[in-house]
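Understanding the architecture of this molecule
Chain residues, written in single-letter form:
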Amino acid sequence: MKSRREFLKESLLTTAGVTISAMGVSASSYARIIGANDRVNVGLVGFSDRARQTLLPCFFSNHKELNFDLIAVSDIWNRRREEGKAYLQQKAGHDVKACVNNDELYKIKDLDAVIVATADFQHAYHTIEAVGNRMDVYCEKPFAETMDDARKALKAVKASGKIFQVGTQRRSGDSYHAANNFIKEGKFGPIAMVEMTWNVNQPGRWRRPKLVNEIRESDVDWQRFLAGRPKDSWDPRKYLEYRLFWPYSSGIFGQWMTHQIDTVHWFTGLQHPRSAVANGGIYMWKDGRTNADTITAVFDYGPETDPNSGFQVSYSSRFSNSAGGIKEMYYSNGGTIDIDKNKITPTGGMTEREAQEMGLHANLLPEMSLAATETKAATAANMGGDPLTNAHMRNWMQCVRDRKPANAPIEAAYSHSIALIMANAAYRTGLKATFDEKTQEVMVGGKPFIM
């Protein structure tokens with residue numbers, strides 16, 4: 001039996017065949033194009049907190065205008081599956097199919113795209129599944145926590161030709177686009193240093209003690225949850241609080257650093273660090289977690305062909321004190337870009353007098369706003385439908401319709417994965433991590449870093 005979409009396309013082709021031929025477009029090519037008035041049907045992979053609190057509100061704020069619909073949810077936990085069905089039916093105003101797993105989801109013939117909002121380590125795995133079933137994909141970050149996952153997913157997405165967006169939503173923010181343009185146009189001068197912080201005082205962040213006590217192994221498909229990770233016995237904390245445990249998550253690096261390190265790659269065109277060192281530990285929240293609650297990583301960036309040219313990036317984060325909050329500072333010899341405050345300033349830059357004394361030319365920056373519309377990053381656990389994520393979701397939806405590359409394509413996802421894996425490798429081994437271009441492996445102590 002033909003699906004609704006297949007029937008409509010065949011009808012259009014039959015009635016408009018002469019026009020299509022006159023335009024030089026083959027019938028088979030035309031059948032692969034989503035028409036301007038053709039509804040795009042989306043499935044949700046994982047009814048997670050992130051999906052419910054942020055991704056779905058952003059989707060539903062744009063779906064009517066762009067003619068998108070959400071028709072199914074897949075979740076391997078029966079509770080989340082039923083909660084997702086009820087939530088989506090209320091939002092969409094029609095019946096929504098609840099699927100016990102993705103095998104069932106991808107049997108839906110009219111499905112065009114998916115939003116992936118599952119556990120950190122599953123993102124690449126679920127992306128490969130999705131594009132293998134001819135889906136366009138919006139996938140939460142981090143993209144991949146191992147290079148093996150990253151390489152396989154990169155290859156799968158590129159081979160599929162499908163529209164892909166990874167959830168590093170800064171790439172859809174006005175302030176970030178303004179900073180990118182200012183740096184790329186040469187107005188900022190060579191980057192000398194980048195400082196990034198992400199500090200919170202949230203003892204309950206990533207903890208789900210009530211749900212841990214309520215969930216039972218019989219409620220979920222634990223083996224499917226592992227999704228390529230080593231065999232492990234049932235542990236409700238690893239299922240619900242996975243961000244606290246390696247190899248289910250790199251923790252701070254994957255959850256928070258990926259957002260900020262992604263801007264370095266975007267603004268400079270560099271695909272990954274040359275090296276990384278890291279230190280940290282579990283200093284405050286001794287609750288059985290294995291991922292650090294306080295951590296600092298330092299990266300060396302620059303062209304591989306010129307080791308004498310480049311800059312340093314420092315990243316630090318803590319769970320125990322929120323002083324300093326989020327900071328994203330780019331420094332050159334002429335001044336500072338403070339993205340969090342939407343400002344370009346001459347702060348710290350070489351003055352004309354100092355330059356004259358050294359026989360140099362000063363390039364002191366003006367004081368100005370980055371963008372007319374400020375787009376601050378949200379730090380709360382429940383971000384709601386924040387402006388950055390809303391713009392990012394809308395960009396993906398528009399690109400699915402227009403068949404144009406999204407703001408955060410697969411190459412961006414692959415690059416931020418390399419950086420987070422390098423930082424994680426350095427932290428877990430105590431060694432400097434580098435990247436082998438030929439093998440596409442993160443290296444520590446002369447060996448690939450394997451989980």
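Structure's up top.
Residues numbered from 1 in each chain as written. Predicted model: local features only at pLDDT ≥ 70, side-chain atom pairs only at ≥ 80, totals over all residues. Heavy atoms only, no water.

**Observations regarding the packing of aromatic side chains**
- All chains considered together, the criterion is met by 24 aromatic pairs.
- With centroids separated by 6.1 Å and ring planes inclined at 90°, the aromatic side chains of Trp77 and Tyr239 adopt a geometry described as edge-to-face. Taken together, the residues Trp77 in the loop between strand S2 (68-74) and helix H6 (78-92) and Tyr239 in helix H13 (residues 236-240) connect sequence positions 162 residues apart. Tyr239 shares its class with Trp77; the two are buried. (Phe/Tyr/Trp six-rings, centres within 6.5 Å; stacked < 30°, edge-to-face > 60°. Helix = DSSP H or I, 4+ residues; strand = E, 2+ residues; numbered from the N terminus. Buried < 20%, exposed > 50% of the residue type's maximum accessible area, 1.4 Å probe, protein only.)

**What to know about helix H4 (residues 49-60)**
- Between the first and last C-alpha of H4 there are 16 Å, a value that for 12 residues agrees with the 16 Å anticipated at 1.5 Å per step.
- Summarising burial for H4: 10 of the 12 residues are buried, a large majority.
- By the burial criterion, the buried members of H4 are Asp49, Arg50, Ala51, Gln53, Thr54, Leu55, Leu56, Cys58, Phe59 and Phe60. (Expected span 1.5 Å × (residues − 1).)

**Digging into the pattern of salt bridges**
- Tallied over the full model, the rule gives 29 salt bridges.
- Note that Arg237 is salt-bridged to Glu241, the shortest N-O span being 2.6 Å. Of the two residues, Arg237 and Glu241, both sit in the buried class.
- If you follow the salt bridges from partner to partner, you end up with Asp49, Arg52, Arg79, Arg80, Glu83, Arg208, Lys210 and Glu214 in one network. (Salt bridge = Lys/Arg side-chain N within 4 Å of Asp/Glu carboxyl O.)

**Some details on the sheet that holds strand S6 (residues 164-166)**
- In space, the 6 strands of this open sheet follow the order S3-S2-S1-S4-S5-S6, with parallel pairing throughout. In this open sheet, the two edge strands, each paired with only one partner strand, are strand S3 (97-99) and S6. Averaged over all adjacent pairs, the angle separating strand axes in this sheet is 20°, with direction ignored.
- Its contacts with the sheet place helix H8 (residues 123-132) against strand S1 (40-45), strand S4 (113-116), strand S5 (136-139) and S6, and it is angled at close to 165° to S5. (Pairing = 2+ DSSP bridges. Axes fitted to C-alpha atoms, helices over the stretch in contact; angles between N-to-C directions. Contact = heavy atoms within 4.5 Å.)

**Overview of the side chain of Gln122**
- When you line up the elements, Gln122 lands in the loop between S4 and H8.
- The exposure class assigned to Gln122 is buried, which follows from its relative accessible area of 5%.
- At a separation of 2.7 Å, a polar atom in the side chain of Gln122 contacts the main-chain carbonyl oxygen of Phe225.
- Filtering out sequence-adjacent residues up to four positions away, Gln122 remains in contact with Phe225 and Ala227. (Polar contact = N/O pair within 3.5 Å; in protein donor to acceptor, adjacent residues only side chain to side chain.)

**So, the sheet that holds strand S9 (residues 294-301)**
- Across the sheet, 11 strands lie side by side as S14-S13-S12-S11-S7-S10-S9-S8-S15-S16-S17; this open sheet has mixed pairing. Each edge of the sheet is formed by a strand with only one pairing partner; in this case those strands are strand S14 (368-369) and strand S17 (447-448).
- In the packing of helix H10 (residues 174-184) onto the sheet, contacts are made with strand S7 (191-199), strand S11 (326-332), strand S12 (335-338), strand S13 (343-345) and S14, and the angle to S12 comes to roughly 155°.
- Sitting on the sheet, helix H17 (residues 410-429) is in contact with strand S8 (275-281), S9, strand S15 (433-436) and strand S16 (441-444), with an inclination near 55° to S8.

**As for unusual backbone geometry**
- For the peptide bond that leads from Lys141 to Pro142, omega is -5°, which places it in the cis range.
- You can see Pro142 is positioned in the loop between S5 and helix H9 (147-160).
- For the peptide bond that leads from Trp246 to Pro247, omega is 15°, which places it in the cis range.
- If you trace the backbone, Pro247 turns up in the loop between H13 and helix H14 (252-268).
- At Trp206, a residue that is not glycine, the phi angle is positive and equals roughly 75°.
- With phi around 55°, Gln440 is a residue other than glycine that occupies positive phi space.

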